[in-house]
Amino acid sequence: MKKILITTALHRESLAELFEKFEVFMPQDKDMKRDQVLEMISDYEVVIPNFSFFTDKEIMDRGVRLEVIANYGVGYNNIDVEYATQKGIVVTNIPKTTCEPTAELAFALLLAAGRRIGYYDRKLREHRAVDWGVYGDAGLPIFGKTLGIIGMGRIGQALARRAVASGMNIIYHNRNRLSPEIEERYGASYVSFDELLRMADFISLNAPSTSQTLKLIGEKEFSVMKPTAVFINTARGNMVDEKALAQALKEKKIWAAGLDVYENEPKISSELLVLDNVVLSPHAGTRTIEDRHRMAEEMVHNIIGFYEGKYEVSRVN
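The shown structure was predicted, so the numbers you read here are calculated from the model rather than taken from an experiment.

**Structural notes on the pattern of salt bridges**
For side chains bearing opposite charge, pairing can occur when the charged atoms are close. On inspection of all chains with the given rule, the structure shows 22 salt bridges. Between glutamate 58 and arginine 62 there is a salt bridge whose closest N-O contact spans 3.8 Å. Remark: arginine 62 and glutamate 58 occur in helix α3 (residues 57-62); sequence separation between them is 4 residues, near one turn of the helix. Accessibility expressed as a relative area gives 39% for glutamate 58, which makes it partly exposed. Where glutamate 271 meets lysine 243, a salt bridge forms, and the shortest distance between an N and an O atom there is 3.7 Å. Remark: lysine 243 occurs in helix α11 (residues 242-250) and glutamate 271 occurs in helix α12 (residues 270-273); sequence separation between them is 28 residues. For glutamate 271, a relative accessible area of 32% puts it in the partly exposed group. Here the salt bridges do not stand alone but share partners, grouping Arg34, Asp56, Glu58 and Arg62 into one network.

**Section: the sheet that holds strand β6 (residues 146-150)**
Strand order in the open sheet made by the 7 strands is β8-β7-β6-β9-β10-β11-β12, with parallel pairing throughout. The sheet is open, and its two borders are formed by β8 (188-190) and β12 (278-280), each paired with just one other strand. Going across the sheet, the axis of each strand differs from the next one's by a mean of 20 degrees, ignoring polarity. Where strand β7 (residues 169-173) meets β8, 3 bridges bridge the pair, whose relative direction is parallel. Within the sheet, the bridge partner assigned to isoleucine 171 lies in β8 and is serine 189. Helix α7 (residues 154-165) rests against β6, β7 and β9 (202-205) of the sheet, and its axis sits at about 175 degrees to β6.

**Digging into the layout of surface pockets**
In this structure, the largest pocket occupies an estimated 1,200 Å³ of space. Taken together, 44 residues make up the lining of the largest pocket; nearest its centre are Gly151, Asn206, Ala207, Pro208 and Ser209. Elements represented by at least two residues in the lining of the largest pocket include exactly α5 (95-114), α7 and α13 (289-308). Counted by class, the lining of the largest pocket contains 16 nonpolar, 22 polar and 6 charged residues. In this structure, the second largest pocket occupies an estimated 780 Å³ of space. Together, 31 residues line the second largest pocket, and Asn50, Phe51, Ser52, Glu265 and His283 are the ones closest to its centre. Taken together, the residues of the lining of the second largest pocket sort by class into 12 nonpolar, 13 polar and 6 charged.

**A word on the sheet that holds strand β4 (residues 68-70)**
In spatial order, the strands read β2-β1-β3-β4-β5; together these 5 strands make up an open sheet with parallel pairing. The open sheet has two free edges, formed respectively by β2 (23-25) and β5 (90-92), since each of these has just one partner strand. Taken pair by pair, the neighbouring strands of this sheet meet at an average axis angle of 15 degrees, ignoring direction.

**Some thoughts on unusual backbone geometry**
Residue proline 266 is bonded to the preceding glutamate 265 through a cis peptide linkage, with omega at 15 degrees. Here proline 266 lies in the loop between β11 (256-259) and α12. Phi angles above zero are rare outside glycine, and aspartate 137 is one such case at about 45 degrees. With respect to the secondary-structure elements, aspartate 137 resides in the loop between α6 (117-125) and β6. Aspartate 137 sits in the partly exposed class, given a relative accessible area of 21%.

**What to know about the packing of α5 against α13**
It is the contact of α5 with α13, at a shortest axis distance of 8 Å, that shows an interaxial angle of 160 degrees. Classified by the angle their axes make, α5 and α13 are roughly antiparallel. Considering the relative orientation of α5 and α13, their crossing is left-handed. Contacts between α5 and α13 involve Pro95, Lys96, Thr97, Thr98 and Pro101 on the former and, on the latter, Asp291, Arg294, Met295 and Glu298.

**Points about α11**
Every buried residue belonging to α11 is among Glu242, Ala244, Leu245, Ala246, Ala248 and Leu249, and all of these are buried. The backbone nitrogen of lysine 243 lies 3.2 Å from a side-chain oxygen of the residue at the head of α11, namely aspartate 241. Once α11 ends, the next one or two residues include lysine 252, with phi positive near 60 degrees.

**Concerning the environment of aspartate 260**
Within the fold, aspartate 260 resides in the loop between β11 and α12. A residue is classified by how much of its surface remains accessible, and aspartate 260, at 2% relative accessible area, is buried. A C-alpha to C-alpha distance of 8.0 Å links aspartate 260 and alanine 235, two positions 25 residues apart in sequence. Setting aside residues up to four positions removed in sequence, aspartate 260 forms contacts with Leu105, Leu109, Asn233, Thr234, Glu265, Ser281, Pro282, His283, Ala284 and Gly285. For aspartate 260, the side chain forms a polar contact with the side chain of serine 281, separated by 2.6 Å.

Each value, and the rule that gives it
Residues numbered from 1 in each chain as written. Predicted model: local features only at pLDDT ≥ 70, side-chain atom pairs only at ≥ 80, totals over all residues. Heavy atoms only, no water. Salt bridge = Lys/Arg side-chain N within 4 Å of Asp/Glu carboxyl O. Helix = DSSP H or I, 4+ residues; strand = E, 2+ residues; numbered from the N terminus. Buried < 20%, exposed > 50% of the residue type's maximum accessible area, 1.4 Å probe, protein only. Pairing = 2+ DSSP bridges. Axes fitted to C-alpha atoms, helices over the stretch in contact; angles between N-to-C directions. Contact = heavy atoms within 4.5 Å. 1 Å grid on protein atoms, 1.4 Å probe; cavity = no way out; pocket = protein on both sides within 12 Å on 5 of 7 lines; lining within 4 Å. Points joined across faces, edges and corners; volume = space filled by probe spheres on them. Nonpolar A, V, L, I, M, F, W, Y, C, P; charged D, E, K, R; others polar. Parallel < 35°, antiparallel > 145°, perpendicular 65-115°, else oblique. Left-handed = near helix turned anticlockwise from the far one by under 90°. Polar contact = N/O pair within 3.5 Å; in protein donor to acceptor, adjacent residues only side chain to side chain.

Shown next as structure tokens:
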């Protein structure tokens, strides 16, 4: 019987099929530490890391029986995929169940940052002054505005669907242009990266984290955005120069931001924490109980699909 090591404490009911078919070890209430994983992994054919557990060369070398790294997340920058491929280890992720909830939160951040919901809530609760006048402390509308999506994959398109329903216009930049059918579905126009930064009223980062997208958005990029631009990041924190973002917000080079991911999470830059024109959430794109269950089930299907062919497998490599 194949043995599976789960590095994070998940709800067991989502993993029922896994426990029926394999020998599974899972921590009861706390995520495993790296040294614990290193100590145990030599006995296991499958390891399940979550998106914050880095599975690197050392872990793979210690995992002499490893056949599958089944990531509990859609992004896989926490895994050295190139080295896994060299060692013949299959890496899987879960793009289907993470799509809609992540797009949902991206749109929530867009609304919250544009309409200043976080600012209003914070000021009122702390009994600090809010201008109740006709034009005081005004937010930005989204109806009729242009949303620029960087990375128009599953999540980007799910975000576009929500934006179109709210009366927004869509422009996007991708490594590869989408088909005319998909562009027509969202009324989306393909533009260059620089054009998107200059034209968009709201900019959402939805591209995958790779060596090519590391620090994709920095001082130069913020400097060409509109001073009324709202920047949203639900992708990965390492794709944005956080200091440059904080400076752009502080100096009003851009109007606001909504962030779910950070360069050094769970640590958040102290510069961001004191700003009133940024809305922050704790990497919560898929953080609903229902969606966490669906994610676990998709991850389970990847493993069973690999060994039995019963389900489609979402392979990264």
